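# An overview of the molecular structure
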Amino acid sequence: MDPHLDDEDGPHSTTTGLGISAGFTLDDAFADNDDIDVPEFSPAAVRKEFAERMNGAADSWEVGDGGIDELVAKIGLSVDPDASVSTFDIDAEQDTPPASHSPSPQQSPSRIQSTSSSHQDSLYDVPLSSEFSQVSLSDNRSPSPPQHDEPEEMVSDYPAVQIDLSAQEAVAKQVYLERSSIDSAPSEQESSDGAHPMQHPQYAASLDNFRPKSPPPPLNVPLSNAGASSTSALPLPSSSSLPTPTTPKFTDPPPPATRHRLTRSVGPSMLDKVISKTRPTYLPPKPRAEDRKHQHDWEEMMKRSRAAEEKRRKTLQDRRLAREQRIEMSISIWEREIVPDWTVVHRDPNLRRLWWQGIPTKLRAPMWQAAAGNALALSKDAYKTCLSRAKRALASGSFPTTVLGLLEDDIRTTLPAISLFAPEKGPLYQDLRDMLCAWVVARSDEGLGYVVGVAKIAAMILLNMPPSQGFVVLRNVLERHCLRSFYGGMASKDDVEAYYRIFDTLLADGMPKIYFNFKQHQVSPAAYLPDWLVPLFLDHLPFEACARVWDVIMLEGDAFLYRAALAILGVLEPRLFFPDKTELLELLRGENKAALEVAKREGRLLNNGKYEIYGVDEENLWERIDSMDEWWRESTWKRLIERELPDL
C-alpha cells in the first residue's frame, strides 16, 4: 500500500499495512483489522452524539453490540489520527480493582509512566466518576445507580491526565487546571459548536472509591500537541468528588475527624515525678532521696541568710542609736565650744571630727545657717519681697504655667517617705510651694529658670528652719560654684564639663577598677553625676545618711560633694561590673530589676532613697568615706580646680 494516503484521509494519517500507526505499539481500539464500522470522529460529531446520549436514561449505558466504539462515542472521546487511543477499564467497582484490557497478540502493550502512588498499575486502570465507574463492558451486567455516601467537597484545582503518544514510548502526566479555566470550557464549546454543555463529570475519579491524603503534585512535563483535539489534551470538567489518578485497591486512610488525637493526662507526668528541682534540666535527675535532702539544705541556707540579714540590720540600727545618743550627749560641747564661733572647727581637729559625726538635730538650723553664710548679702526681708512678687504674678496669671507645672511635679516626688510635703494635704506643702515660687522670681532677675530637683533641697531646709531663714540658706548654698554650674543652664556648660573631668581624674586615682570599667562601657560622669548633685543625694540616699552628708557639705563645701559621690561608687563597687552597658546604667539610676525583686521579697520599704535596695545606708557609706582618708588630699582637689577652672 502506498504510504501516502489520499486527501480524504487527512494530512496527518500515516499508517502501516495493517492500518496501525507507524511507531506505536499501543492497543488501538479502532484499528483497520477490526470488523467494526467506525463512525466519524470529528470533535463536533462526537460532542453532539455525546450530548444526545447524556440526555437519555442512565440505564442505557451498557456496551451493546456496537462494542467499544459505541461506548467511546457515549463518553465523548475524539481520536487524533496520529495517535492510538488507550482503552479504559470502566468495569471497576469499589471492592474489586479494575483489570487491564488485554492487547492483541500483534500489539505489545506500552508501559505508561505515571506519578500516582502505584507505579506498577497501568493508566488503563484509572477509575471514572461515581456514575461511570458502574458501566460494564460485558453484556450480562446491569448498571448500578450512582452512590453518594459522603458530602460534596469543594476543591480549587482539578487534575487532568494527558497521554503523550508522539514519542516512541507513551508518557502520561497530570495537569492541574484552575477553576476559572474549567468553568469557561463549556461556554467556549457551546459557543463554537452549538452543542449542549456536558452535564456529568466524565473524567474525574470518584471519591466514593477512595480518599487520598493529598492530591499529588503536578508533573513538570511540557504539554504536547496542545492544539490537537486528542482526548488526552481535553480539560476535565468540575467534579464534586476529589480527583486523583491512584487506584482504589489500597486501604484508605481514616478521615481527619476520626484520627486519634494525643491527649495529656491530668496531674504530673512521669517526667515531673522524677525530675530534680535542685539540678539543671540538662543533667540527669537526682534520686528522690538526694533531691529531698538538697531541697531541705537549700531551705535551711535561705533561712540562715534571712536571719543573718536581720541580724545585720539590727546591728546597724543599734549602732545608729548609739551614735545618736553620743550626739545628744555632746550637745554641751557644741553649745560651749562650737556655737559661739563655728569657725573653730577648722582649727581644732577634734571639733572637726565631732562635726563630721553629725550635728545635733536641735542645733542643725543655726549651724547650717552659719556654715552656709550669706555671700549674696540677702536681707531678712528678701524672702517676703520675692514671695509677694510671686503671688502677684500668680494672681495676674503672668507666672509661667510651664514653670508652675514643673514645680508641682517636683513637689510631688519630694521625700515621699515622710508625707509632709504631699500636695494639698501635707502640712509643709504650702511653705515649700511659696519658697520655690520666691526662688523662681529671684532667679528670673538673672534670666534663669526652674531646675527640677531644687524642691528636694528646699524641703530638707524647711525640715530644720522656718521659710524666711531657709530661703537665705537655699540661695547661698546654690550659689556655691559647683552647684551654681549645675543649676546655671547652658551658660555654665563649660564649667560642668570641667567638673566632669575633675571627677574622672579623682575616680581614676582612687578607684582605678571602677574607672576602667566605666571607660570600657563608655559611661561618663554625665550619665549619673547630675542626678546625685542637683538634689544633693536626696533622691538616692536614705534620709538619715543624707542629713549627715549635708552637715559636712555645709562645712567643707564642694570638695565633699565629690568625696561623697566617690564613696557611693565604692559601696556599689561589687555590683558595677556588668557585661552590659544598659544594666550598668539601670543600676546607677537605682532601677536594677534583680535588686528590686529581692527588696520586695524581703519586705523593705522602697520610698526612702533609690539606693536603699542595694543596702546603702548611713553606716556603710560613712565607713567608705572614712576609708578614703588614705588617698584623699585636699591639695589634690585644689590643684584640679586650678587646672580645670583657672578663672575661679
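Model, not experiment: these values are computed from the prediction. (Residues numbered from 1 in each chain as written. Predicted model: local features only at pLDDT ≥ 70, side-chain atom pairs only at ≥ 80, totals over all residues. Heavy atoms only, no water.)

## A short note on the overall build of the protein
What counts is decided by this rule: In this text, helices come from DSSP runs of H or I with a minimum length of four residues, and strands from runs of E with a minimum of two, each type numbered from the N-terminal end. To sort residues, take the accessible area from a 1.4 Å probe on protein chains only and compare it with the maximum for the residue type: under 20% means buried, over 50% means exposed, and anything in between is partly exposed. Only heavy atoms enter the contact rule, under which two residues are in contact if any of them lie within 4.5 Å. Only the protein chains shown count as cover for residues, and the accessible areas themselves come from Shrake-Rupley with a 1.4 Å probe.
Each helix and strand in the protein was counted, giving 23 helices and two strands. A total of 648 residues make up the protein; the buried ones form 43% of that total. For the protein, the share of sequence-separated contacts (at least 6 apart) that also reach a separation of at least 24 residues comes to 72%. Summing over all exposed atoms, the protein offers an accessible surface of approximately 35,400 Å²; the carbon and sulfur share of this is 53%.

## Looking at helix H21 (residues 593-601)
Worth spelling out the cut-off: The definition of a polar contact used here is a pair of N or O atoms within 3.5 Å, where within protein one atom must be able to donate a hydrogen and the other to accept one, and adjacent residues in sequence count solely through side-chain atom pairs.
N-cap assignment for H21: the residue whose side-chain oxygen lies 3.4 Å from the backbone N of Ala-594 is Asn-592. Residue Gly-603 follows H21 closely and has a positive phi angle near 75 degrees.

## Side note on the pattern of salt bridges
Pairs can form between side chains of opposite charge whenever their charged atoms are close. Selection criterion: Here, a salt bridge means any side-chain nitrogen of Lys or Arg that lies within 4 Å of a carboxyl oxygen of Asp or Glu.
This model, assessed by the stated rule, comprises 26 salt bridges. With its nearest N and O atoms 3.8 Å apart, the salt bridge here joins Asp-291 to Arg-288. Of this pair, Asp-291 and Arg-288 are both found in helix H5 (residues 288-329), three residues apart, which corresponds to roughly one turn of the helix. Look at Asp-291 and you get buried, because its relative accessible area is 5%. Here Glu-446 ties to Arg-484 by a salt bridge, and the two come within 3.5 Å at their closest N and O atoms. Here Glu-446, found in the loop between helix H11 (429-444) and helix H12 (454-462), pairs with Arg-484, found in helix H14 (residues 481-487); they are 38 residues apart in sequence, far enough to count as distant.

## With respect to unusual backbone geometry
The backbone of Leu-415 sits at a positive phi, close to 40 degrees, despite the residue not being glycine. Residue placement: Leu-415 occurs in the loop between helix H10 (401-412) and H11. What makes Leu-415 buried here is its relative accessible area of 11%. Not every positive phi belongs to a glycine, and Ser-419 is a case in point at roughly 60 degrees.

## Some points on the environment of Val-523
Mapping Val-523 onto the fold places it in the loop between helix H16 (512-520) and helix H17 (529-533). Val-523 gets classed as buried once you look at its relative accessible area, which sits at 4%. Each C-alpha atom of the pair Val-523 and Leu-584 lies 8.7 Å from the other, and the pair is 61 residues apart in sequence. When near neighbours in sequence (up to four residues on either side) are disregarded, Val-523 contacts Phe-518, Tyr-528, Lys-581, Leu-584, Leu-585 and Leu-588.

## Quick notes on the side chain of Arg-548
Looking at the secondary structure, you find Arg-548 in helix H18 (residues 543-556). By relative accessible area, which is 10% here, Arg-548 ends up buried. Engagement of the side chain of Arg-548 in a polar contact is seen with the backbone oxygen of Gln-357, the distance being 3.5 Å. Setting aside residues no more than four positions away along its own chain, Arg-548 makes contact with Arg-323, Trp-356, Gln-357, Gly-358, Glu-618 and Trp-622.

## Some words on the confidence of the model for the protein
Do not read the predicted coordinates in detail wherever pLDDT is low. What counts, and what does not: What pLDDT conveys is the predictor's confidence in a given residue, as a value from 0 to 100.
For the protein, the mean per-residue pLDDT works out to 73, and 59% of the residues sit at or above 70. Highest mean pLDDT in the protein belongs to H12 (96); lowest belongs to helix H3 (residues 179-193) (44). Low pLDDT (under 50) marks residues 179-214, which in the prediction has 84 contacts with non-local residues, meaning those over four places away or in another chain. Every residue in residues 218-251 scores below 50 in pLDDT, and together they form 85 contacts with partners more than four places removed in sequence or on other chains.

## What to know about the packing of aromatic side chains
Our working rule: Whether two aromatic rings pair depends on their centres lying within 6.5 Å, for rings of Phe, Tyr and Trp, where Trp uses its six-membered ring; planes under 30 degrees apart make the pair stacked, over 60 edge-to-face, and the rest tilted. Working rule: Lys NZ or Arg CZ, within 6 Å of ring centre, within 35 degrees of ring normal, means a charge sits over the ring.
Summed over all chains, the structure comprises 19 aromatic pairs. Three or more aromatic residues joined by ring pairs make a cluster, and in this case those are Tyr-499, Phe-503, Phe-518, Tyr-528, Trp-532, Tyr-562, Tyr-611, Tyr-614 and Trp-637. Over the ring of Trp-622 we find Arg-548; its NZ or CZ atom is 4.2 Å from the centre of that ring.

## Overview of the packing of helix H15 (residues 493-510) against helix H19 (residues 558-572)
Heads up, the condition is: To get an axis, a line is fitted to the C-alpha atoms, and for a helix only the part in contact is used. The angle between two axes follows their N-to-C directions and goes from 0 to 180 degrees. Oblique is the label for any angle not under 35 degrees, not over 145, and not in the 65 to 115 range, which are roughly parallel, roughly antiparallel and roughly perpendicular in turn. Handedness of each helix crossing follows the sense of rotation of the near helix against the far helix: counterclockwise by less than a right angle gives left-handed, clockwise gives right-handed.
In the contact formed by H15 and H19, the axes pass within 11 Å of each other and the chain directions differ by 50 degrees. Compared by their axis directions, H15 and H19 come out oblique. At the point where H15 passes H19, the crossing takes the right-handed sense. Across from Tyr-499, Tyr-500, Ile-502, Phe-503, Leu-506 and Leu-507 in H15, the residues of H19 making contact are Asp-558, Tyr-562, Ala-565, Leu-566 and Leu-569.

## Some points on the nonpolar core
Spelled out, the test is: Buried residues of nine kinds, namely Ala, Val, Leu, Ile, Met, Phe, Trp, Tyr and Cys, make up a nonpolar core once their side-chain atoms join them within 4.5 Å.
Leu-507, Phe-518, Tyr-528, Phe-537, Trp-550, Tyr-562 and Leu-569 are the most contacted members of the largest nonpolar core, which has 123 residues in total. Once residues within four sequence positions are removed from consideration, Trp-550 is found in contact with Trp-368, Ile-457, Met-460, Ile-461, Pro-535, Leu-536 and Leu-538.

## Some points on the side chain of Arg-443
Definition in use: Counting rule applied: Lys, Arg positive; Asp, Glu negative; His and chain ends not counted.
Along the polypeptide, Arg-443 turns up in helix H11. The charged side chain of Arg-443 is buried without a salt bridge, its nearest counter-charge being Glu-479 at 5.5 Å.

## Topic: the environment of Ala-559
With respect to the helices and strands, Ala-559 occurs in helix H19. The spacing of Ala-559 and Trp-637 is 78 residues in sequence and 6.8 Å in space, taken between C-alpha atoms. With sequence-adjacent residues up to four places away left out, Ala-559 is seen in contact with Trp-632, Glu-634 and Trp-637.

## Thoughts on the environment of Arg-364
With respect to the helices, strands and loops of the structure, Arg-364 is situated in helix H8 (residues 364-372). We classify Arg-364 as buried; its relative accessible area is 12%. When the C-alpha positions of Arg-364 and Ala-547 are compared, they lie 9.7 Å apart, and in sequence the two are 183 residues distant. Once residues lying within four places of it in the same chain are set aside, the contact partners of Arg-364 are Ile-359, Asn-464, Ala-547 and Asp-551.

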